[in-house]
Amino acid sequence: ELMDVFFDAYPLAATLVGIRNREEGLSEYTEAAHEALAARAADVASRAEAIDPAGLNQDDRVTRAVLLQEVEQLKTRLAARSVEYAIADMFASPVNDLFTMLPMVGITEQAHADGYVTRLGNLPRVLDEIAQRHRIGIAAGRVPVTRLVDATIEWLDRYLANRENDPLLRPAPPAGSGIDLDAFRANRKRVVDDLVRPAMARYREVLATEVRQHGRSTERPGLCWLPDGEAMYAGLARH
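Residues numbered from 1 in each chain as written. Predicted model: local features only at pLDDT ≥ 70, side-chain atom pairs only at ≥ 80, totals over all residues. Heavy atoms only, no water.

Caption draft 1: Helix H5 (residues 94–101), seen in detail. Regarding H5, the residues found buried are Pro94, Val95, Asn96, Leu98 and Phe99. In this structure, the buried residues of H5 make contact with helix H2 (11–16), helix H6 (110–140), helix H7 (146–161) and helix H8 (181–211). (Buried < 20%, exposed > 50% of the residue type's maximum accessible area, 1.4 Å probe, protein only. Helix = DSSP H or I, 4+ residues; strand = E, 2+ residues; numbered from the N terminus. Contact = heavy atoms within 4.5 Å.)

So this is what it looks like as structure tokens:
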């Protein structure tokens, strides 16, 4: 049940580890979605806590302990609210993480191809949600480092200028897969050109016009400069 909770929340991760029943999904980044995720995980943990470990064999005691630890780590990650200020030109940021993982999706049958195109169509929603979380973070004093915002803007500019070698167009079905390759490639390119690239340009403008001016200096890079930052750091260190 807990793995279902995780993979429902992070369907792209499910795909990458070979669980291919969430092909169309991308994570939700709204506060409400993260609250619902924490509540689902807490429900599983509460039922595990209610089981007396004295009545379990060694393997089940370990499983119970690992489950409880995993839920605590999830709560720690969500409490850190990193989506609000983790802006960087590397996989440590939610947006760059998506663009690192999506080109790694294996496409070996028609359902995978259809799901990938649908997934790309969900990217504008994801980018809008992340941008809104940046705004929430700014209002609460949870702001990124200006140097990393600048690096992200430069990365987005490179992406937008690189139309011919877009990494989102990289996954290639193998020969003999039975996939309608011409239709897949045409649909994928249409979604990238008509939906994804304009959404990336909008997100870039949010960073440049709404976020950058609030950023922290290079001399203040650590979480300790954010509200409750020392507590967040301690929790993440345990995680």
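Caption draft 2: The arrangement of the pattern of salt bridges in detail. Enumeration according to the criterion identifies 19 salt bridges in this entry. For glutamate 129, the salt bridge identified is with arginine 125, shortest N-O distance 3.1 Å. Pair noted here: glutamate 129 and arginine 125 are both in helix H6, with a separation of four residues, about one helical turn. We classify arginine 125 as partly exposed; its relative accessible area is 27%. Residue aspartate 150 pairs with arginine 212 through a salt bridge whose shortest N-O separation is 2.5 Å. With aspartate 150 in helix H7 and arginine 212 in the loop between H8 and helix H9 (229–238), this pair connects stretches of sequence that are 62 residues apart. Of the residues examined, aspartate 150 reaches a relative accessible area of 22% and is grouped as partly exposed. Taking the relative accessible area as the measure of exposure, arginine 212 reaches 36% and is therefore partly exposed. (Salt bridge = Lys/Arg side-chain N within 4 Å of Asp/Glu carboxyl O.)

Caption draft 3: How the structure looks around the environment of alanine 113. With respect to the helices and strands, the residue alanine 113 is situated in helix H6. Along the chain, alanine 113 and methionine 3 lie 110 residues apart, while their C-alpha atoms are 25 Å from each other. Excluding anything up to four places from it in sequence, alanine 113 contacts Ile107, Ile179 and Phe184.

Caption draft 4: Spatial organisation of the nonpolar core. Counting residues in hydrophobic clusters, the biggest one holds 39 residues, and the most contacted among them are Phe99, Leu120, Leu123, Leu168, Val196 and Tyr203. Of all the secondary-structure elements, those providing two or more residues to this core are H5, H6, H7 and H8. Leave out the neighbours within four places in its chain, and leucine 168 touches Phe99, Leu102, Tyr116, Leu120, Leu123, Tyr159, Arg188, Val192 and Val196. Counting 14 residues, the second-largest nonpolar core is a separate cluster that includes Val5, Leu37, Val71 and Leu78. (Core = buried A, V, L, I, M, F, W, Y, C linked by side-chain atoms within 4.5 Å.)

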